[in-house]
Amino acid sequence: MNTENTVVIIPFSSDLKEPIKTLNLEWLSRHFKVEPKDERVLSNPQEEIIDKGGMIFYAKYNDKIVGTVSLLKMNDTEFELSKMAVTDGVQGLGIGKKLMEHCVKTAKENNLKKIIIYSNRKLVPAITLYEKFGFKEIPLEAGIYERADIKMEKLI
């Protein structure tokens, strides 16, 4: 059976406030540390992402939320792809790819010009995924996230 066919991408709703936090805290605490900015955004996704013009999506697999990604509004034509996480146990099933496909499609539908990503080079599978989707490395400014050592962009 092709598991990609059973992964459904759904939008954020107020009753789905917790998964963005639990999925990201699981990932952050495993690889890095949770920064104050993470805690603020993940605890208040409606106020910090949605109300500021951003979007949150979830990957649902076998009726469970197993992944998430956000598009944070920078300005009318540029968004940051952020807060992407897939829970342990379902990695390798193409869920991250599905989330990326959905973000790129959404960006095109909303006439965005650019998506940027802050990441870390030790996350080789993530960097590889971004490159497959056409993201290119660009200069990284200081002070965005302590853990970020690479910035990438995709022109839409």
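Since this is a predicted model, take the numbers as computed values, not measurements.

Calculation rules
- Residues numbered from 1 in each chain as written.
- Predicted model: local features only at pLDDT ≥ 70, side-chain atom pairs only at ≥ 80, totals over all residues.
- Heavy atoms only, no water.
- Helix = DSSP H or I, 4+ residues; strand = E, 2+ residues; numbered from the N terminus.
- Buried < 20%, exposed > 50% of the residue type's maximum accessible area, 1.4 Å probe, protein only.
- Contact = heavy atoms within 4.5 Å.
- Areas by Shrake-Rupley, 256 points an atom, 1.4 Å probe, with all protein chains shown as cover.
- Lys, Arg positive; Asp, Glu negative; His and termini not counted.
- Charge placed at Lys NZ, Arg CZ, Asp CG, Glu CD.
- Phe/Tyr/Trp six-rings, centres within 6.5 Å; stacked < 30°, edge-to-face > 60°.
- Lys NZ or Arg CZ within 6 Å of the ring centre and 35° of its normal.
- Salt bridge = Lys/Arg side-chain N within 4 Å of Asp/Glu carboxyl O.
- Pairing = 2+ DSSP bridges.
- Axes fitted to C-alpha atoms, helices over the stretch in contact; angles between N-to-C directions.

Asks: Hey, could you go over the overall build of the protein for me, with residue numbers and the actual values?
Replies: Across its full length, the protein holds five helices and seven strands. Scanning the protein from its N terminus toward the C terminus, one meets helices and strands in the order β-α-α-α-β-β-β-α-β-α-β-β. By the burial criterion, 51% of the 156 residues in the protein qualify as buried. Restricting to contacts in the protein with at least 6 residues of sequence separation, those with at least 24 account for 61%. Taken as a whole, the protein presents about 8100 Å² of accessible surface, with 51% of it coming from carbon and sulfur. Here the protein holds 24 positive side-chain charges and 23 negative ones, and the gap between their average locations is 3 Å.

Asks: Can you break down the packing of aromatic side chains residue by residue, with the values?
Replies: Inspection of the entire model under this criterion finds three aromatic pairs. A ring pair is formed by tryptophan 27 and phenylalanine 32, whose centres lie 5.7 Å apart and whose planes are at 55°; its orientation type is tilted. The same class applies to tryptophan 27 as to phenylalanine 32, namely buried. Residue placement shows lysine 37 over the ring face of tyrosine 145; its charged tip is 4.5 Å from the ring centre. Here the basic side chain of lysine 122 rests over the ring of phenylalanine 32, its NZ or CZ set 4.7 Å away from the ring centre.

Asks: Summarise the pattern of salt bridges; cite the residues concerned and give the values.
Replies: Within the structure shown, the criterion is met by 16 salt bridges. For lysine 52, the salt bridge identified is with glutamate 48, shortest N-O distance 3.1 Å. Residue glutamate 78 is joined to lysine 114 by a salt bridge in which the shortest nitrogen-to-oxygen separation is 3.9 Å. Pair noted here: glutamate 78 is in strand E4 (residues 78–86) and lysine 114 is in strand E5 (residues 114–119), with a separation of 36 residues, a long-range link.

Asks: Before we move on, can you summarise the sheet that holds strand E2 (residues 55–61) with the specific residues and values?
Replies: As summarised here, the arrangement of the seven strands in space is E1-E2-E3-E4-E5-E7-E6, forming an open sheet in which the pairing is mixed. Looking at strand neighbours, the two that pair on one side only are strand E1 (7–11) and strand E6 (136–138), the edges of this open sheet. Direction aside, neighbouring strands of the sheet carry axes that sit 30° apart on average. Across four bridges, the pairing between E4 and E5 is parallel. Note that in E5 the partner of glutamate 78 across the bridge is lysine 114. Sitting on the sheet, helix H1 (residues 18–31) is in contact with E2, strand E3 (64–73) and E4, with an inclination near 95° to E3. On the sheet, helix H5 (residues 124–132) packs against E4, E5 and strand E7 (150–155) and is oriented at approximately 25° with respect to E7.

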